[in-house]
Amino acid sequence: MPLLRCQPMTKPMPSLLLAAAACLLAACQPAPQKDAAAVPAAQLAGAYAPTLKRQPSVAAMTAMGRAMFFEPSLSVSGKLACASCHSPEHAYGPPNALAVQLGGPELKDAGTRAAPSLRYLQNAPPFSEHYHDDDGDDSVDAGPTGGRNWDGRAQSGHEQALAPLLSKREMGNRDAAAVVAKLRAGPLAAQFRQTYGADIFEQPGQALRWALMSLEVFQESPADFYPYTSKYDAFLRKQASLSPQEARGLALFNDERKGNCASCHISQVSAGGAFPQFTDYGLINIGVPRNGKLPANADPAFFDLGLCGPDRTDLTEHKEYCGSFKTPSLRNVALRKVFFHNGSFTSLEQVLRFYVQRDTAPQKWYPKDKSGKVHKYNDLPPGLDANVNVEAPFDRQPGQAPALNEAEIADVIVFLHTLTDGYQAARPAQGKGG
């Protein structure tokens, strides 16, 4: 049940991209801008500006992005596509039980973080250190919230899309120019020219911009990325009923004295009628144990500290943020085979037990140091223990009863299965005709 963060319930922000894209694509059509060499998308000003002679439709951009998402030739190995780590059959999450995925030239280079699901990100706000919900009360500062990636460093879908294309541990391209070169020489070149103009590759910066926008617009496709077809969605629509065990699990999920999951994984329909995303988009440190199986962790001096580095570099001086990672949506969580940012757990049962036993029985989750004392929060450097969240259910002491017993854990897990997309209600059996 990753992960808990005590703050007010947030109302999902309206999804802006398709509306913005539709408006921009229908806007006036200025002369194309002349570009120099391709540069990273984060440095491209006005990513949503219409810069082409003929602006493509949202449908054409979606089709282009879909084709790119499944195209392995865009990787240095020629074998790794976006879909390799973000499988449609697994809610655009990893299709295997690897803690981290493998990439690079020979598909042997291990990443440092688990691949997240790409579903239900459409309402994620841009990152802010001081986030205020849109409920009219700006006196409550929710703290670091929003962005993409486990550390919130990407501010948009197109910015996030460039990172795996350039990562040495993923698709491995040398630079942005190499991405454009692969697109120009690959099997999607004709479709890209048809979508964005016959001269698009003569302007490498524009080609990169629209390639990344294609991936972003594709990832705003409702049927693929936010279909709201789970049993819980049917329950909210009053088209299905929860079983007694599912209903008990939901009650425990919401109860501030028990699971307290909904404090961060919001389960209620917003005041505006939006269905819940099961995340508040916040970043939090819950003291996840170090995963000794990750190659990067073979170096005892290496620590993945999320919000304050190493992948994110703008907040390295904010030691109070160290160890904080994004609160993922729990939608489709039952399809996952590894959990948390470092893939340290391999079942929902482990996750729930960790939540309620981290402080009541820490010896189950952390190793002992040389003196024989349990080394809690062993994936943080010394001096950062105060960063770890201690709100319910992390508010108990060793020897106390955990917030959930085994039967209650089972109930919550049964409820979590109702968040899997693709639910179809059982049809009543039809009697034989006379």
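The numbering scheme is per chain: residues are counted from 1 as the chain's sequence reads. For this predicted model, a pLDDT threshold of at least 70 governs which residues receive local features, and a threshold of 80 or more governs which side-chain atom pairs are given and counted, while totals over whole chains, interfaces and linings are taken from all residues. Water and hydrogen atoms play no part in the side-chain values, which are based on all heavy atoms of the structure.

Some details on the overall build of the chain
Piece 1. Only DSSP runs of H or I reaching four residues or more are called helices, and only runs of E reaching two or more are called strands; each is numbered from the N terminus. If you tally the helices and strands in the chain, you get 12 helices and four strands.
Piece 2. Looking at the 434 residues of the chain, the share that counts as buried comes to 52%.
Piece 3. For the chain, the accessible area works out to roughly 19400 Å², and carbon and sulfur atoms hold 55% of it. Relative accessibility decides the category of a residue: with a 1.4 Å probe and only protein chains considered, values under 20% of the type maximum give buried, values over 50% give exposed, and everything between is partly exposed. Note on areas: Shrake-Rupley, 1.4 Å probe, and residue coverage restricted to the protein chains presented here.

Quick look at the nonpolar core
Piece 1. Residues belong to a common nonpolar core when they are buried Ala, Val, Leu, Ile, Met, Phe, Trp, Tyr or Cys residues joined through side-chain atoms within 4.5 Å. F69, F192, Y196, I200, F201 and W210 are the most contacted members of the largest nonpolar core, which totals 41 residues.
Piece 2. Elements represented by at least two residues in this core include exactly α2 (58–69), α3 (82–85), α4 (157–166), α5 (176–185), α6 (189–196) and α7 (204–218).
Piece 3. Setting aside anything within four residues of it in sequence, one finds W210 in contact with A49, P50, T51, L52, Q55, M61, F192, Y196 and I200.
Piece 4. Among the nonpolar cores identified, the runner-up in size contains 40 residues, and L252, F339, Y377 and V388 belong to it. By the convention used here, residues are in contact when the closest approach between their heavy atoms is within 4.5 Å.

Here's the deal with the packing of aromatic side chains
Piece 1. For Phe, Tyr and Trp, where Trp contributes only its six-membered ring, two rings pair if their centres lie within 6.5 Å, and the inter-plane angle classes them as stacked under 30 degrees, edge-to-face over 60, or tilted in between. Applying the stated criterion to the full structure yields 27 aromatic pairs.
Piece 2. Between Y355 and F394, the aromatic rings sit 5.3 Å apart at their centres with planes inclined by 25 degrees, giving stacked as the arrangement. Placement of Y355 in helix α11 (residues 348–357) and of F394 in the loop between α11 and α12 (406–416) is noted, with a sequence separation of 39 residues between them.
Piece 3. Here F394 falls in the buried class, since its relative accessible area comes to 2%.
Piece 4. Among the aromatic residues, those joined into a cluster by ring pairs are F340, F345, F354, Y355, W365, Y366, Y377 and F394.
Piece 5. If you follow R312 out to its NZ or CZ, it ends over the ring of F127, 4.0 Å from the centre.
Piece 6. Counted as over-ring charges are cases with an Arg CZ or a Lys NZ within 6 Å of the ring centre that also lie within 35 degrees of the ring normal. Over the face of the ring belonging to Y120 we find R331, whose NZ or CZ atom lies 4.7 Å from the ring centre.

Here we look at the state of the cysteines
Piece 1. Cysteine sulfur pairs qualify as disulfides if the two atoms are within 2.5 Å. For the structure on display, the rule yields one disulfide.
Piece 2. Bridging C308 to C322, the disulfide has an S-S length of 2.0 Å. Linking C308 and C322, the disulfide has an S-S dihedral of approximately 115 degrees and is accordingly described as right-handed. Pair noted here: C308 is in the loop between β3 (283–284) and β4 (325–326) and C322 is in the loop between β3 and β4, with a separation of 14 residues, a long-range link.

A short note on α6
Piece 1. Residues of α6 that are buried include every one of A189, F192, T195 and Y196, and no others. Projected onto a plane normal to the axis of α6, the buried residues spread over an arc of 130 degrees and lie on a single side. Opposite the buried face of α6, at more than 90 degrees from it, the exposed residues are A190 and Q194.
Piece 2. On its buried face, α6 is in contact with α2, α5 and α7. It is the directions from the helix axis to the C-beta atoms that the arc portrays.

Describing the environment of V351
Piece 1. Looking at where V351 falls in the secondary structure, it is placed in helix α11.
Piece 2. A residue is classified by how much of its surface remains accessible, and V351, at 0% relative accessible area, is buried.
Piece 3. C-alpha of V351 to C-alpha of V338: the two residues are 13 residues apart in sequence and 9.7 Å apart in space.

Side note on the packing of α2 against α7
Piece 1. It is the contact of α2 with α7, at a shortest axis distance of 7 Å, that shows an interaxial angle of 95 degrees. Put simply, α2 runs roughly perpendicular to α7. Of the residues in α7, those in contact with V58, M61, T62, M64, G65, R66, M68 and F69 of α2 are W210, A211, M213, S214, L215, V217 and F218.
Piece 2. Ten residues, namely Ala, Val, Leu, Ile, Met, Phe, Trp, Tyr, Cys and Pro, are considered nonpolar, four, namely Asp, Glu, Lys and Arg, are considered charged, and the remaining ones, Gly among them, are considered polar. Split into classes, the residues belonging to the contact of α2 with α7 amount to 11 nonpolar, three polar and one charged. Helix axes are fitted only over the stretch in contact, all axes being lines through C-alpha atoms; the angle between N-to-C directions runs from 0 to 180 degrees. Relative orientations are named as follows: roughly parallel for angles under 35 degrees, roughly antiparallel for angles over 145 degrees, roughly perpendicular for angles from 65 to 115 degrees, and oblique for any other angle.

Focus: the pattern of salt bridges
Piece 1. Between Lys or Arg on one side and Asp or Glu on the other, a salt bridge is scored when a side-chain nitrogen of the former is within 4 Å of a carboxyl oxygen of the latter. What the rule picks out here adds up to 20 salt bridges.
Piece 2. Among the salt bridges present, the one from D199 reaches K53, with a minimum N-O distance of 3.7 Å. A residue pair is termed long-range when its members are at least 10 positions apart, and D199 in the loop between α6 and α7 and K53 in the loop between α1 (17–25) and α2 qualify at 146 residues.
Piece 3. The class of K53 is exposed, set by a relative accessible area of 54%.
Piece 4. Taking the shortest distance from any N to any O, the salt bridge between R66 and D224 comes out at 2.8 Å. Of the two residues, R66 is situated in helix α2 and D224 in helix α8 (residues 222–225); the sequence distance between them amounts to 158 residues.
Piece 5. Given a relative accessible area of 32%, R66 falls into the partly exposed group.
Piece 6. A residue is classified by how much of its surface remains accessible, and D224, at 13% relative accessible area, is buried.
Piece 7. A single network of salt bridges, built from pairs that share partners, joins R113, D151, R153, D304 and D311.

Some details on the confidence of the model for the chain
Piece 1. The pLDDT value expresses, per residue, how confident the predictor is, ranging between 0 and 100. Across the chain, the average pLDDT comes to 89, with 86% of residues at or above 70.
Piece 2. Counting interchain partners and residues more than four positions distant, the pLDDT-below-50 stretch residues 1–39 has 133 contacts.

Topic: unusual backbone geometry
Both trends apply: most residues other than glycine have a negative phi, and most peptide bonds are in trans.
Piece 1. A cis geometry characterises the amide bond from G309 onward to P310, with omega recorded as 10 degrees.
Piece 2. Structurally, P310 is set in the loop between β3 and β4.
Piece 3. Cis rather than trans, the peptide bond between A392 and P393 has omega equal to 5 degrees.
Piece 4. Residue position: P393 is located in the loop between α11 and α12.
Piece 5. If you check the backbone angles, Y281 has positive phi at about 70 degrees while not being a glycine.
Piece 6. With respect to the helices and strands, Y281 occurs in the loop between α10 (244–254) and β3.
Piece 7. Phi is positive for F340, close to 75 degrees, though the residue is something other than glycine.
Piece 8. Position of F340 among the secondary structure elements: in the loop between β4 and α11.
Piece 9. Since its relative accessible area comes to 3%, F340 is described here as buried.

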